[in-house]
Amino acid sequence: RSGHQLRRGSARSSASCARRSRRVRVWYQSGIQHRRKAINISNSATGISVHQDAGFVATADISGNASSIHGNAVGIDLNGGTTTVSNNHIYDNTVGIRVENGATATVQNNSFEGGSSASENGTDLELDSSGATLSGALSGNTFAGNSYYINNGTASNIDATANTFDDAGAVQ
């Protein structure tokens, strides 16, 4: 529902720009460890950041991070632009994926579960009231957030029925 939260009691990225590609920033911050064609992104303020400057177009595909995006304040921060986030393991972040400032995101087939020895995210998916948009079906994800599965600050409703939630009794 809009304005409500669902509560619980080799990485590839490409960027392109319509005018000047040097203005598009896809940041992999500190804590990167290469492991068998995948990237383990951990222990940063922001694990991956896609930022679109005014007057430019940023696009990114963040996929295949089975080794994980974990231990960050924000695992993936989408600040403008259009991004597909798929087939990643995102856990133990304060916020798994944050969509803000006019960003459009397709979020499919991600695991937000920490597993038996790791922590879940505080919030798995956060949609900010500053024009965040989901495109395509929100599907195939396994949500497990400790505080919120989805924190929807937008006025739009979200159909999250094609996803798995680790504690169905906690949905509000």
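See above for the structure.
Residues numbered from 1 in each chain as written. Predicted model: local features only at pLDDT ≥ 70, side-chain atom pairs only at ≥ 80, totals over all residues. Heavy atoms only, no water.

Caption draft 1: Here's a closer look at the overall build of the protein chain. What the protein chain contains, in helices and strands, is zero helices and 17 strands. Taking all 172 residues of the protein chain together, 47% fall into the buried category. Carbon and sulfur atoms make up 42% of the accessible area of the protein chain, which amounts to about 7900 Å² in all. (Helix = DSSP H or I, 4+ residues; strand = E, 2+ residues; numbered from the N terminus. Buried < 20%, exposed > 50% of the residue type's maximum accessible area, 1.4 Å probe, protein only. Areas by Shrake-Rupley, 256 points an atom, 1.4 Å probe, with all protein chains shown as cover.)

Caption draft 2: Focus on the pattern of salt bridges. Summed over all chains, the structure comprises two salt bridges. Asp77 is paired through a salt bridge with Arg98; the nearest N and O atoms lie 3.2 Å apart. Residue Asp77 is found in strand β8 (residues 74–79), and its partner Arg98 is found in strand β11 (residues 95–100); the two are separated by 21 residues along the sequence. Glu100 is the salt-bridge partner of Arg98, the closest N and O atoms lying 3.4 Å from each other. The exposure class assigned to Glu100 is buried, which follows from its relative accessible area of 12%. Shared partners join several salt bridges into a network, and the residues in it are Asp77, Arg98 and Glu100. (Salt bridge = Lys/Arg side-chain N within 4 Å of Asp/Glu carboxyl O.)

Caption draft 3: Representation of the nonpolar core within the structure. The biggest cluster of nonpolar side chains holds 27 residues, and the ones touching the most others in it are Ile76, Leu78, Ile97, Val99 and Leu125. Among the elements of the structure, β5 (46–51), β6 (59–63), β8, β11, β12 (104–108), β13 (123–127) and β16 (148–152) are those that each provide at least two residues to this core. If we skip the residues at most four places from it in the chain, Val99 touches Leu78, Ala105, Leu125, Glu126, Leu127, Asp128, Ala132 and Thr133. (Core = buried A, V, L, I, M, F, W, Y, C linked by side-chain atoms within 4.5 Å. Contact = heavy atoms within 4.5 Å.)

Caption draft 4: Geometry of the environment of Ser130. Tracing the backbone through its elements, the reader meets Ser130 in the loop between β13 and β14 (133–134). C-alpha separation for the pair Ser130 and Gly153, spaced 23 residues apart in sequence, amounts to 8.4 Å. Contacts of Ser130, omitting those with residues within four sequence positions, involve Glu100, Asn101 and Gly102. A polar contact is formed between the side chain of Ser130 and the backbone nitrogen of Asn101, at a distance of 2.7 Å. (Polar contact = N/O pair within 3.5 Å; in protein donor to acceptor, adjacent residues only side chain to side chain.)

Caption draft 5: Quick peek at the packing of aromatic side chains. All told, the structure shown has three aromatic pairs when counted by the stated rule. Considering the side-chain rings of Phe143 and Phe165, the 5.3 Å spacing of their centres and the 15° angle between planes classify their relative orientation as stacked. You can see Phe143 sitting in strand β15 (residues 139–143) and its partner Phe165 sitting in strand β17 (residues 162–165), a full 22 residues away along the chain. There is no split in this pair, since Phe143 and Phe165 are both buried. Aromatic rings pair up to connect Phe112, Phe143, Tyr149 and Phe165 into one cluster. (Phe/Tyr/Trp six-rings, centres within 6.5 Å; stacked < 30°, edge-to-face > 60°.)

Caption draft 6: Main features of the pairing of β13. Counted residue by residue, β13 has five buried out of five residues, so it is predominantly covered. Judged from the four bridges that link them, β11 and β13 form a sheet pairing that is parallel. Within β13, the residue paired with Val99 across the bridge is Leu127. The sheet contact formed by β13 and β16 spans four bridges and is parallel. Within β16, the position partnered with Thr123 by the bridge is Tyr148. (Pairing = 2+ DSSP bridges.)

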